[in-house]
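# Architecture and fold: a report
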Amino acid sequence: MVGMEPLDMAAVSAQPSWNERVNSNVTASACLERDAELMLRVRDGDQTSFSLLLGKHRVPLIHFLFRMVQNQSIAEDLAQEVFLRVYRSRENYQPTAKFTTWLFRIATHLALNCIRDGKHEKLQDSLDQHSEDGTPRQLPDRARTVEQELLYQARLDEVRQAIQALPAKQRAAVLMHKYEEMEYTQIANVLSCSDSAVKSLLFRAYETLRGRLAHMA
Amino acid sequence: MECPRNSGQEPELFVAYAAESLPPATSTALERHMAVCAECRRTAEDQRRVWSALDSWEPEFISGDFDRKVYARIAAEGQRSVRHANWALRPALPIAAVCAVVLAGYLLREPAVPQNPSPRVDMEQVERALDDIDMLNKMGVASQD
């Protein structure tokens, strides 16, 4: 057996590649300051800054909520509520935490409540579906043949079911880690628990997912 | 220099390896180890498949009017706040009206009848009493005579 150097597990963390992580440190710090600065401007009554925050965080937030509750309509309602709460809290805003941590804490809280209350009963989303007032939805560009689409849907169903079968908190941790590329500490801050508790949640979740999804090529 | 499965580092290590977030040196060392450790190789491959399966879950579509709905909810809440403030003031209006009526009534009421008679009335009574005494005195003197 080939041996290994002892690992610096503190360095083993989230999703982006090592080089990307190193290179993005300055950018992340700038983003933190930028979001907080925008929110402080919102606090001072600047509506344009709120529009910028909405535009920047709308998509990841809705995607996270959709993967949590697996219902697009409910996900968008919850996302609206998140932004409403952000706006409502503007006068008391203090940049003590990363803006996205605060945002996802509100979102996770709403999603967990929704799941607990059983309001996320799965509705069938259709590609032809329009919003309530008839405005067409923004569709991602998916250039697939019918056969590819069927295969994709079968694969997607399996993934969605595997995620849905996870306990809600494990689900939130996996979604933030995998899709939002959050580090353990930030996930811990969102879920209001320790780093070690987050690791425990994540590794149990990934172990469960390995059991359900590892057969997929 | 032990296998990660024995050192308790396995879960975190293989998740980070699948996410390509390991430091380059650690990643290289793990790959060397996996070349001779079938168990770790299989675990890493399983985790990579999970990662790949999760990657296939593409984002869903978003309503074109999402922002409009957010602003509508903010505006509705603003109006609700104004209505709530008006509603909160509503009970105060009749109370204020009642207070105003009471105050006006107090200010416009007729002067109260004085409890003590005026000094002028006292003097009249005194004069009458003195006249009565004089008259009685005269009558008494006349009768004595």
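Here the focus is the side chain of Ser27 of chain B. Mapping Ser27 of chain B onto the fold places it in helix α3 (residues 24–34). Not counting the four nearest positions on each side in its chain, Ser27 of chain B is found in contact with Tyr17 and Leu22 of chain B.

We now examine the pattern of salt bridges. Following the criterion strictly, the structure yields 13 salt bridges over all chains and no others. A salt bridge links Lys56 of chain A to Asp35 of chain A; the shortest N-O distance between them is 2.9 Å. You can see Lys56 of chain A sitting in helix α2 (residues 47–69) and its partner Asp35 of chain A sitting in helix α1 (residues 18–43), a full 21 residues away along the chain. The exposure class assigned to Lys56 of chain A is partly exposed, which follows from its relative accessible area of 37%. The partner of Lys178 of chain A in a salt bridge is Asp55 of chain B, and the shortest N-O contact between them spans 2.4 Å. Of this pair, Lys178 of chain A sits in helix α6 (residues 168–178) while Asp55 of chain B sits in helix α4 (residues 38–55), which puts the two residues in different chains. Under the relative-accessibility criterion, Asp55 of chain B is labelled partly exposed at 47%. Beyond isolated ion pairs, a larger network of salt bridges with shared partners links Glu81 and Arg85 of chain A together with Arg73 of chain B.

Residue and element names in this part refer to chain A. Confidence in the prediction of chain A, expressed as mean pLDDT, is 82, and 74% of residues score 70 or more. This stretch, residues 1–15, has a pLDDT under 50; its non-local contacts, to residues over four places away or in other chains, come to 49 contacts. The low-confidence segment residues 123–132, where pLDDT is below 50, has 18 contacts with residues more than four positions distant or belonging to other chains.

Turning our attention to the side chain of His57 of chain A. Residue and element names in this part refer to chain A. Tracing the backbone shows His57 in helix α2. Look at His57 and you get buried, because its relative accessible area is 5%. Setting aside its immediate chain neighbours within four residues, His57 contacts Asp35, Phe83, Phe99, Thr100 and Leu103.

Okay, unusual backbone geometry next. Not every positive phi belongs to a glycine, and Glu181 of chain A is a case in point at roughly 55°. Inspection of the secondary structure assignment puts Glu181 of chain A in the loop between α6 and α7 (184–191). Glu181 of chain A sits in the partly exposed class, given a relative accessible area of 40%. Of note, Glu20 of chain B is a non-glycine position whose phi angle comes to about 55°, a positive value. According to the relative accessible area criterion, Glu20 of chain B is exposed, its value standing at 58%.

Note: α-helices contain 3.6 residues per turn, so residues at a spacing of three or four share the same orientation. Of all 8 residues in α7 of chain A, 6 are buried; the element is thus mostly enclosed. Buried residues belonging to α7 of chain A abut α4 (99–117), α6 and α8 (195–213) of chain A together with α2 (10–18) of chain B. Looking one or two residues beyond α7 of chain A, the residue adopting positive phi is Ser192 of chain A, at roughly 55°.

Here we take up the packing of aromatic side chains. For the structure on display, the rule yields 10 aromatic pairs over all chains. Measuring from centroid to centroid gives 5.1 Å for Phe50 of chain A and Tyr87 of chain A, while their planes differ by 75°, and the two rings are edge-to-face. Taken together, the residues span a long stretch of sequence, with Phe50 of chain A in helix α2 and Tyr87 of chain A in helix α3 (residues 72–88) at a distance of 37 residues. For Phe50 of chain A, a relative accessible area of 1% gives the class buried. A relative accessible area of 12% places Tyr87 of chain A in the buried class. Taken together, a centroid distance of 6.3 Å and an interplanar angle of 70° make the contact between Phe83 of chain A and Phe66 of chain B edge-to-face. A residue pair is termed interchain when its members come from two chains, as with Phe83 of chain A in helix α3 and Phe66 of chain B in helix α5 (residues 66–89). Across this residue pair, the class does not change: Phe83 of chain A and Phe66 of chain B are buried. The positively charged end of Lys178 of chain A is found above the aromatic ring belonging to Tyr179 of chain A, 5.4 Å away from the centroid.

So, how was this worked out
Residues numbered from 1 in each chain as written. Chains lettered and ligands numbered in written order. Predicted model: local features only at pLDDT ≥ 70, side-chain atom pairs only at ≥ 80, totals over all residues. Heavy atoms only, no water. Helix = DSSP H or I, 4+ residues; strand = E, 2+ residues; numbered from the N terminus. Contact = heavy atoms within 4.5 Å. Salt bridge = Lys/Arg side-chain N within 4 Å of Asp/Glu carboxyl O. Buried < 20%, exposed > 50% of the residue type's maximum accessible area, 1.4 Å probe, protein only. pLDDT = per-residue confidence, 0-100. Phe/Tyr/Trp six-rings, centres within 6.5 Å; stacked < 30°, edge-to-face > 60°. Lys NZ or Arg CZ within 6 Å of the ring centre and 35° of its normal.

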